[in-house]
Amino acid sequence: MIDISELASEKIKQLMAADGMTDAYLRLGVKTGGCSGFTYGMGIDEEVSEADDTLELNGLKVVMEKDSVKYLRGLQIDYKESAMGGGFTMNNPNAIATCGCGSSFRTKEEAGVPGEC
């Protein structure tokens with residue numbers, strides 16, 4: 001369904017440990033907005049509801065709202081280091097257009113609701 005690189009998984013686990021949240025989940029989601037129509041949501045969560053799908057990747061527990069799964073299917077998350085620092089990258093095969101910052105996208109089937117980026 002989705003892929004999280006080993007490096008990205010390790011970075012996320014480090015962030016969780018630093019916050020004392022070693023038994024938490026990585027929460028992924030999509031909401032309308034951003035300059036292209038949809039934006040990604042990524043955070044640490046300790047709660048799971050019936051409206052969520054869960055999976056485990058590289059020893060990392062991941063939770064996604066069922067409404068977001070269709071936008072995230074095939075998503076690849078990686079972590080890249082550069083001279084300017086590091087950060088997570090998202091490669092989404094469902095996206096036909098993205099904004100310059102890379103956090104907003106649109107799909108062939110849905111344009112979302114573009115707004116401020």
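Scroll up to find the structure.
These figures come from a predicted structure and were not determined experimentally.

> Let's hear about helix 1 (residues 6-18): which residues, and what values?
Between its first and last C-alpha atoms helix 1 spans 18 Å; for 13 residues at 1.5 Å apiece the expected length is 18 Å, and the two agree. Those residues of helix 1 not exposed but buried are Ala8, Ser9, Ile12 and Met16. Along the axis of helix 1, the buried residues cluster in a sector spanning 100 degrees; they form a single face. Of the residues in helix 1, the exposed ones pointing more than 90 degrees away from the buried face are Glu6 and Ala18. Positioned one or two residues after helix 1, Gly20 has a phi angle of 70 degrees, which is positive.

> Describe the sheet that holds strand 6 (residues 76-82), listing the residues and the values that go with them.
Strand pairing in a sheet relies on backbone hydrogen bonds. The paired strands run either parallel or antiparallel. Pairing is mixed across the open sheet formed by 3 strands, whose spatial order is 1-6-7. Here the strands that pair on one side only, and so sit at the sheet edges, are strand 1 (3-4) and strand 7 (85-91). Here strand 6 pairs with strand 7 via 7 bridges, running antiparallel. Considered in strand 7, the bridge of Gln76 is made with Asn91. On the sheet, helix 1 packs against strand 1, strand 6 and strand 7 and is oriented at approximately 80 degrees with respect to strand 6.

> Quick rundown of the pairing of strand 5 (residues 60-65)? Include the residues and the values.
Sheet topology places strand 2 (residues 25-33) next to strand 5; 3 bridges connect them, and they run parallel. Each bridged residue has a counterpart across the sheet, and for Leu26 the counterpart in strand 5 is Val62. Two strands pair when backbone bridges link them, and strand 4 (residues 52-57) and strand 5 are joined in this way by 6 bridges, in the antiparallel orientation. Bridge pairing in strand 5 places Asp53 opposite Met64. The hairpin formed by strand 4 and strand 5 contains 2 residues between the paired strands, and Asn58 there has a positive phi angle of roughly 50 degrees.

> Let's hear about the pattern of salt bridges: which residues, and what values?
One side chain can pair with another of opposite charge once the charged atoms of both are near each other. Evaluation of the coordinates by the stated rule reveals 6 salt bridges. With its nearest N and O atoms 3.6 Å apart, the salt bridge here joins Glu81 to Lys11. Of this pair, Glu81 sits in strand 6 while Lys11 sits in helix 1; the two residues are 70 residues apart in sequence, bridging distant segments of the chain. Residue classification places Glu81 among the exposed positions, given a relative accessible area of 53%. A salt bridge links Lys61 to Asp23; its shortest N-O distance comes to 2.7 Å. Of the two residues, Lys61 sits in strand 5 while Asp23 sits in the loop between helix 1 and strand 2, which places them 38 residues apart along the sequence.

> Run through the side chain of Asp45, naming residues and quoting values.
Inspection of the secondary structure puts Asp45 in strand 3 (residues 37-45). At 2.6 Å, the side chain of Asp45 and the side chain of Arg27 are in polar contact.

Definitions and cut-offs
Residues numbered from 1 in each chain as written. Predicted model: local features only at pLDDT ≥ 70, side-chain atom pairs only at ≥ 80, totals over all residues. Heavy atoms only, no water. Helix = DSSP H or I, 4+ residues; strand = E, 2+ residues; numbered from the N terminus. Expected span 1.5 Å × (residues − 1). Buried < 20%, exposed > 50% of the residue type's maximum accessible area, 1.4 Å probe, protein only. Arc of directions from axis to C-beta. Pairing = 2+ DSSP bridges. Contact = heavy atoms within 4.5 Å. Axes fitted to C-alpha atoms, helices over the stretch in contact; angles between N-to-C directions. Salt bridge = Lys/Arg side-chain N within 4 Å of Asp/Glu carboxyl O. Polar contact = N/O pair within 3.5 Å; in protein donor to acceptor, adjacent residues only side chain to side chain.

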